Amino acid sequence: KQEVTQIPAALSVPEGENLVLNCSFTDSAIYNLQWFRQDPGKGLTSLLLIQSSQREQTSGRLNASLDKSSGRSTLYIAASQPGDSATYLCAVRPGDSSYKLIFGSGTRLLVRP
Amino acid sequence: KAGVTQTPRYLIKTRGQQVTLSCSPISGHRSVSWYQQTPGQGLQFLFEYFSETQRNKGNFPGRFSGRQFSNSRSEMNVSTLELGDSALYLCASSFRLAGSYNEQFFGPGTRLTVL
């Protein structure tokens, strides 16, 4: 059974710092991995999708990597800003016929001015 | 291009009642998935609809059901509401492409409170 874990559960950093969020999954048979951002009480905003054949994806100050064999992904945020404060969730799409996503519990990020 | 829309945004119901939530996917997307988010269980998959057929179902009781219309809009119904059904219900849409590229886009959610 696929399980997704995110560490740390919460993180507080000063503005301008570069930071890394971690995501691990137990079954390497995945189609893709998606990173999302969720603001309090809101829906999910898709940040990056990495296909199983890819090693990394970049969008602006965000860079996500995927090491399928070790069951790990990292989300790197460069030069963090207070507006980056949110909960970051990673989700894997299992390598079966379903199109569901299995989510981690998220990392709650606070960027202090 | 318009995103995924969900109505209503907030609902308050009492135990034993039933509720219907609606989701309109991004134009051109034919797959709609539903998720329940609670502080204790996090985000859990409810079911997915594609071409008006339920394709996948999560581990939820039969009180949770859904349907999809020919225009890809989807509704989710919860009957005989329980206090534990209080949650943020999110729907996601995608093209449902074969292979590994299948980005899912989420709506703002419907906050259901059961009293």
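Let me begin by describing the structure that accompanies this report.

### Topic: the interface of chain A and chain B
Taken together, the contact pairs 21 residues of chain A with 21 residues of chain B. For the pair chain A and chain B, the summed buried surface comes to about 1,800 Å²; carbon and sulfur atoms form 54% of the total. Of all residues in chain A, Leu44, Tyr99 and Phe103 of chain A give up the largest surface area on contact with chain B, accounting jointly for 33% of the area buried on that side. Summed over the shared surface of chain A and chain B, the number is zero salt bridges. Mapped by element, the contributors of at least two residues to the side of chain A that touches chain B are strand 4 (30-38), strand 5 (44-51) and strand 9 (86-94) of chain A. For the side of chain A that touches chain B, the element with the highest residue contribution is strand 4 of chain A, accounting for five residues. Split by residue class, the side of chain A that touches chain B holds eight nonpolar, ten polar and three charged.

### Thoughts on the sheet that holds strand 1 (residues 5-7) of chain B
For sheets, the rule is that strands pair by backbone hydrogen bonds, running either parallel or antiparallel. Residues and elements named next belong to chain B. A sheet is described by the order of its strands in space; here four strands give the open sequence 1-3-8-7, paired in antiparallel fashion. Looking at the sheet topology across the chains shown, the edges are occupied by strand 1 and strand 7 (64-68). Neighbouring strand axes in the sheet, compared pairwise and without regard to direction, differ in orientation by 20° on average. Pairing analysis gives five bridges linking strand 7 to strand 8 (residues 74-78), with the strands arranged antiparallel. Bridging across to strand 8, Gln68 finds its partner in Ser74.

### Describing the pattern of salt bridges
Once their charged atoms are close, side chains differing in charge can pair, the charge on each being opposite to the other. As enumerated under the stated definition, the model contains six salt bridges over all chains in all. The residue Asp39 of chain A makes a salt bridge to Arg37 of chain A at a minimum N-O spacing of 3.0 Å. You can call Arg37 of chain A buried: its relative accessible area is 16%. Salt-bridge contacts for Arg63 of chain B lead to Asp85 of chain B; the nearest nitrogen and oxygen are separated by 2.8 Å. With Arg63 of chain B in the loop between strand 6 (53-57) and strand 7 and Asp85 of chain B in the loop between strand 8 and strand 9 (87-94), this residue pair connects regions lying 22 residues apart in the sequence. Of the two residues examined, Arg63 of chain B and Asp85 of chain B, each falls in the buried class. A cluster of three or more residues bridged by salt bridges with shared partners is formed by Arg63, Glu82 and Asp85 of chain B.

### Points about the side chain of Asp85 of chain B
Under the relative-accessibility criterion, Asp85 of chain B is labelled buried at 4%. With residues near it in sequence (within four places) discarded, Asp85 of chain B still touches Gln36, Arg63, Phe64, Val78, Thr80, Leu112 and Val114 of chain B.

### Points about the state of the cysteines
Residues and elements named next belong to chain A. Taken as a whole and assessed by the stated rule, the structure comprises two disulfides over all chains. Each sulfur in the disulfide pair Cys23 and Cys90 lies 1.9 Å from the other. Between Cys23 and Cys90 the sulfur-sulfur dihedral comes to about 70°; the bridge is accordingly right-handed. Residue Cys23 is found in strand 3 (residues 19-25), and its partner Cys90 is found in strand 9; the two are separated by 67 residues along the sequence.

Reading the values: the criteria
Residues numbered from 1 in each chain as written. Chains lettered and ligands numbered in written order. Predicted model: local features only at pLDDT ≥ 70, side-chain atom pairs only at ≥ 80, totals over all residues. Heavy atoms only, no water. Contact = heavy atoms within 4.5 Å. Buried area = accessible area lost by both parts, 1.4 Å probe. Salt bridge = Lys/Arg side-chain N within 4 Å of Asp/Glu carboxyl O. Helix = DSSP H or I, 4+ residues; strand = E, 2+ residues; numbered from the N terminus. Nonpolar A, V, L, I, M, F, W, Y, C, P; charged D, E, K, R; others polar. Pairing = 2+ DSSP bridges. Axes fitted to C-alpha atoms, helices over the stretch in contact; angles between N-to-C directions. Buried < 20%, exposed > 50% of the residue type's maximum accessible area, 1.4 Å probe, protein only. Disulfide = S-S within 2.5 Å.

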